[in-house]
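Structural characterization, general
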Amino acid sequence: MQKVNKEIYSITGNFVTVVEDHIQQSYGTLYIREGIICAIETTDTPRTQDIDCIRNQCSFSITLSDDDIIYPGLIDLHTHYQYNMLPIWKRPQETPWDNRFEWRNHSTYIQAIPTLEKKISENWNRMLPSGKNTMGDLFLFFSELQAIAGGTTVLQEPSVSNPSIEPQPASYCYSFAEDTHSHLLIRSTGNAKDLGINISADDQIFSIVDFFTPIPREKTMNVTPHISTQDWQIQVNTKYQDFLSKLQSAPKNYNAYLVHVAEGRSGNLRPDNLNVDAYTAKEFEQLKTDMEKKMAKNKKGLPDNFHFAIIHGCGINLSMKNHYDFLKNNGIGLIWSPVSNLLLYDDTPAFYENIINNDITLSIGSDWSPSGSKYVWDEGKFAYKYLESRSKSMHIMSDIFKMMTINPAKTLGSKKIGCITPGAFADLFIISKPKLNCEAATIQRNDSEACLTPLFRGTDAQTKLVIIGGHVIYGEETYFKQFDIPYQKLPSDEHSAFHKVVYVPEELEIDLEKDTQALDEILTDSGTIRSKFLAADDIEYRENIVSLRRKFIGELQLDVLPSTNNTLRLGSKNALIHTKTGQKIKKGENLISYFLTSQHLHLKEVIAETENTLLLTFDAIPNAGDCVLLLEENLCSTMEKSNPYALVFTFTGFWSEW
């Protein structure tokens, strides 16, 4: 385990944070001591004796390049860790589901996810590729690594559906607080000390709560949508009763709840004139009615120290005054997962479009890999494109940035996360700006949002460094050497992560390359493939996101391959076309630096392999790990193993149509 660094070190570069609800970019130096940002020095701040004293105590410094930018670590308030190494699960029928209980109890889902999960666990216990690590350790580590590679520094605590892979409390788990074992590398939403909240033994954070299930259960099994769920009744669990008791007593203690309620068809986007699913609406109405009854004595609504947020909430209609006022007056937050909603239900609530003056706190969550985003960064990028097509707001980018940083921090009641300010945790997400002309890109934004453009145009191939609690956890190898921290390289099949490494607690006895290969073998025998750690390398995942974008947002533009003077785009078969001149690119011409390398690639030949793949060959190609295509998500690239001078581009549609 990394020891707490009691020495002061500094990072100098461009950084972005939220100041008084406004996005602000500055250039300066962050001073970090014992996991806390102890001071910030910028060109706009006057010199002080305190800063001079801190500077003199610095043990070492890092100076970033002008192409690097520091963001606060991102916060993901909704995920299911144990599934995040599994690939996309596609619904077995074209017709979307009505609510979550339909697909969760459907035989195709049970076979594809829980049964596969059990098979992995059984085979792993038999193989045990590494020393003593359990399947639970590996699932949790893989999920955290994937999240951290996408800039996440706070993750919803593990929710366990299969006890056979439940991670056990262990002294070697990475700990930001002495008494936590919720996560291995990353902060947990379920641990108050992880969030910088001082609470007593009587205070609690309920980070994953399920209040309701339908009865009778048999009605939810192997149904074929659409069905009427009007006669489905609600069964409440004991956690719900405990929650209502706390409300009635108007607790003085700190309490926080992230509650999974009303997930299903919202009636917002459906062209078939289907309104909100009846059972989904019923869950929210029951919650609303019961809470209002219990809080009748407390005319001010929820106590200030009671933090409550609804995950999904697809049964909520913010255009209805009674729904809106219930949330606003009680300070109830919303956690929105549009990717998962759209993949499962072809629908998602119009939360953003209906919130006025930010008086309801909206955050986003990635949900899970089988039908969601890899991590909250990707969820935010999708949400930006989705809302850009539906909202006239000029602040969409800023608002989504807040949904990944200060909004979830507010939802949890923490002032230590989601920001870059003195006294906050040193949780930092550093990326290199994408090698494309961001100013010329067709992005709707105002000038104050220019500093966010790299975040919304970049990919995880550009993640340079992730620091959690002052500790270097993931990033480029050179920084680990500078900090003298042990690390392991990401598996060799993660081409975009060629220079990326991760800190692995020695006590875990995880061999990342060896264990990944063992897991791949188990999954291959089961007829499936592992979800890649990086979105940049996961073709199936990216194709799925692109398909979703085309379905709900519209056609994508391909003119994002920059050169020094013109933009390149894919044109008719066997050719690359200059958008400006309309002429074909000839052999020997430069396809200039749309890779993470300064070397120019001289085109040798363009070969149409199939209707949706294209093979380009070059006179020479630099190291495979540097060949990361920086494009929209509509295009993926892989190295052609049989030809060291070739790249294969895979399209989600027929590339000749563009």
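Since we're looking at a predicted model, the values are computed, not measured. (Residues numbered from 1 in each chain as written. Predicted model: local features only at pLDDT ≥ 70, side-chain atom pairs only at ≥ 80, totals over all residues. Heavy atoms only, no water.)

**Regarding the overall build of the protein chain**
Summing up its helical and strand segments, the protein chain has 17 helices and 28 strands in all. Residue burial in the protein chain is summarised as follows: out of 658 residues, 60% are buried. Here the contacts in the protein chain between residues at least 6 apart in sequence split such that 73% fall between residues at least 24 apart. For the protein chain, the computed accessible surface area is about 26,300 Å², with 47% contributed by carbon and sulfur atoms. (Helix = DSSP H or I, 4+ residues; strand = E, 2+ residues; numbered from the N terminus. Buried < 20%, exposed > 50% of the residue type's maximum accessible area, 1.4 Å probe, protein only. Contact = heavy atoms within 4.5 Å. Areas by Shrake-Rupley, 256 points an atom, 1.4 Å probe, with all protein chains shown as cover.)

**Observations regarding the sheet that holds strand β14 (residues 333–336)**
Taken in spatial order, the five strands line up as β9-β12-β13-β14-β15 in an open sheet, and their pairing is parallel. The open sheet has two edge strands, β9 (204–210) and β15 (362–364), and neither has a second partner. Adjacent strand axes in the sheet meet at a mean angle of 20° when their direction is disregarded. Bridge count between β9 and strand β12 (residues 255–261): five bridges; the pairing is parallel. Each bridged residue has a counterpart across the sheet, and for valine 209 the counterpart in β12 is valine 259. Its contacts with the sheet put helix α7 (residues 278–294) on β12 and β13 (306–312), and the angle it makes with β13 is roughly 165°. (Pairing = 2+ DSSP bridges. Axes fitted to C-alpha atoms, helices over the stretch in contact; angles between N-to-C directions.)

**Points about the pairing of strand β17 (residues 463–468)**
Of all six residues in β17, six are buried, a share of seventy percent or more. In this sheet, β17 lies alongside strand β16 (residues 428–432) in antiparallel orientation, the contact comprising four bridges. Counterpart to phenylalanine 429 in the pairing with β17 is valine 466. Both β17 and strand β18 (residues 471–476) contribute to a ladder of four bridges, which runs antiparallel. Its bridge partner being in β18, isoleucine 468 is matched across the sheet by histidine 471.

**Thoughts on the nonpolar core**
Core analysis: the biggest nonpolar cluster contains 140 residues, and Phe141, Phe243 and Phe308 have the highest contact counts within it. A total of ten residues in this core trace back to one element, the largest contributor, which is helix α5 (residues 135–149). Discounting chain neighbours no more than four positions away, the residues touching phenylalanine 141 are Leu184, Leu185, Val502, Tyr503, Val504, Pro505, Leu508, Ile510 and Leu512. Within the second largest apolar cluster, 17 residues are counted, among which are Leu77, Ala192, Leu195 and Ala309. (Core = buried A, V, L, I, M, F, W, Y, C linked by side-chain atoms within 4.5 Å.)

**Let's talk about the sheet that holds strand β7 (residues 152–155)**
Each strand in a sheet pairs with its neighbour through backbone hydrogen bonds, running either in the same direction (parallel) or in the opposite one (antiparallel). What the three strands build is an open sheet, ordered β6-β7-β8; its pairing is parallel. Bordering the open sheet on either side are β6 (74–76) and β8 (187–188), each of which pairs with just one other strand. With two bridges joining them, β7 and β8 adopt parallel strand pairing. Note on β8: the bridge partner recorded for valine 154 is arginine 187.

**Remarks on the side chain of serine 531**
By secondary structure assignment, the location of serine 531 is in the loop between α16 (512–525) and α17 (539–552). A residue is classified by how much of its surface remains accessible, and serine 531, at 5% relative accessible area, is buried. A polar contact of 2.5 Å, which involves the side chain of serine 531, links it to the side chain of lysine 374. (Polar contact = N/O pair within 3.5 Å; in protein donor to acceptor, adjacent residues only side chain to side chain.)

**Description of the confidence of the model for the protein chain**
Residue-level pLDDT values for the protein chain average 78, and 75% of them are 70 or greater. Note that residues 159–181 has pLDDT below 50 and, in this model, 62 contacts with residues that lie over four places away or in other chains. Within the model, the stretch residues 588–600 combines pLDDT values under 50 with 43 contacts to residues more than four positions away or in other chains. (pLDDT = per-residue confidence, 0-100.)

**Re the state of the cysteines**
Simply put, disulfide is the name for a covalent bond between the sulfur atoms of two cysteines. Taken as a whole and judged by the stated rule, the model has zero disulfides. For the unlinked cysteine cysteine 53, the closest cysteine sulfur is that of cysteine 38, found at 10.0 Å. What makes cysteine 53 partly exposed here is its relative accessible area of 42%. (Disulfide = S-S within 2.5 Å.)

**Points about the pattern of salt bridges**
Opposite charge on two side chains permits pairing when their charged atoms draw close. Per the counting criterion, the structure on display carries 15 salt bridges. Here aspartate 378 makes a salt bridge to lysine 381, at a shortest N to O gap of 3.3 Å. Of this pair, aspartate 378 and lysine 381 both sit in helix α11 (residues 376–388), three residues apart, which is roughly one turn of that helix. When its relative accessible area of 10% is taken as the criterion, aspartate 378 is described as buried. Classification of lysine 381 as buried rests on a relative accessible area of 7%. (Salt bridge = Lys/Arg side-chain N within 4 Å of Asp/Glu carboxyl O.)

**Observations concerning unusual backbone geometry**
Geometrically, the link from proline 225 to histidine 226 is a cis peptide bond, its omega value of -5° lying close to zero. Topologically, histidine 226 is positioned in the loop between β10 (212–215) and β11 (233–236). Even without glycine at this site, aspartate 346 takes up a positive phi of about 55°. Turning to its location among the elements, aspartate 346 is positioned in the loop between α9 (338–345) and α10 (351–354). Judged by its relative accessible area of 13%, aspartate 346 falls in the buried class. At asparagine 358, a residue that is not glycine, the phi angle is positive and equals roughly 55°. As for its position among the elements, asparagine 358 is in the loop between α10 and β15.

**Quick look at the packing of α11 against α17**
With their axes 11 Å apart at the nearest point, α11 and α17 run at an angle of 20° to one another. The angle between α11 and α17 falls in the class roughly parallel. Here α11 and α17 pass one another in a crossing that is right-handed. Residue-level inspection shows Asp378, Phe382 and Lys385 of α11 in contact with α17, the latter providing Tyr541, Ile545, Leu548 and Arg549. Of the residues contributing to the contact of α11 with α17, the split by class is four nonpolar, no polar and three charged. (Parallel < 35°, antiparallel > 145°, perpendicular 65-115°, else oblique. Left-handed = near helix turned anticlockwise from the far one by under 90°. Nonpolar A, V, L, I, M, F, W, Y, C, P; charged D, E, K, R; others polar.)

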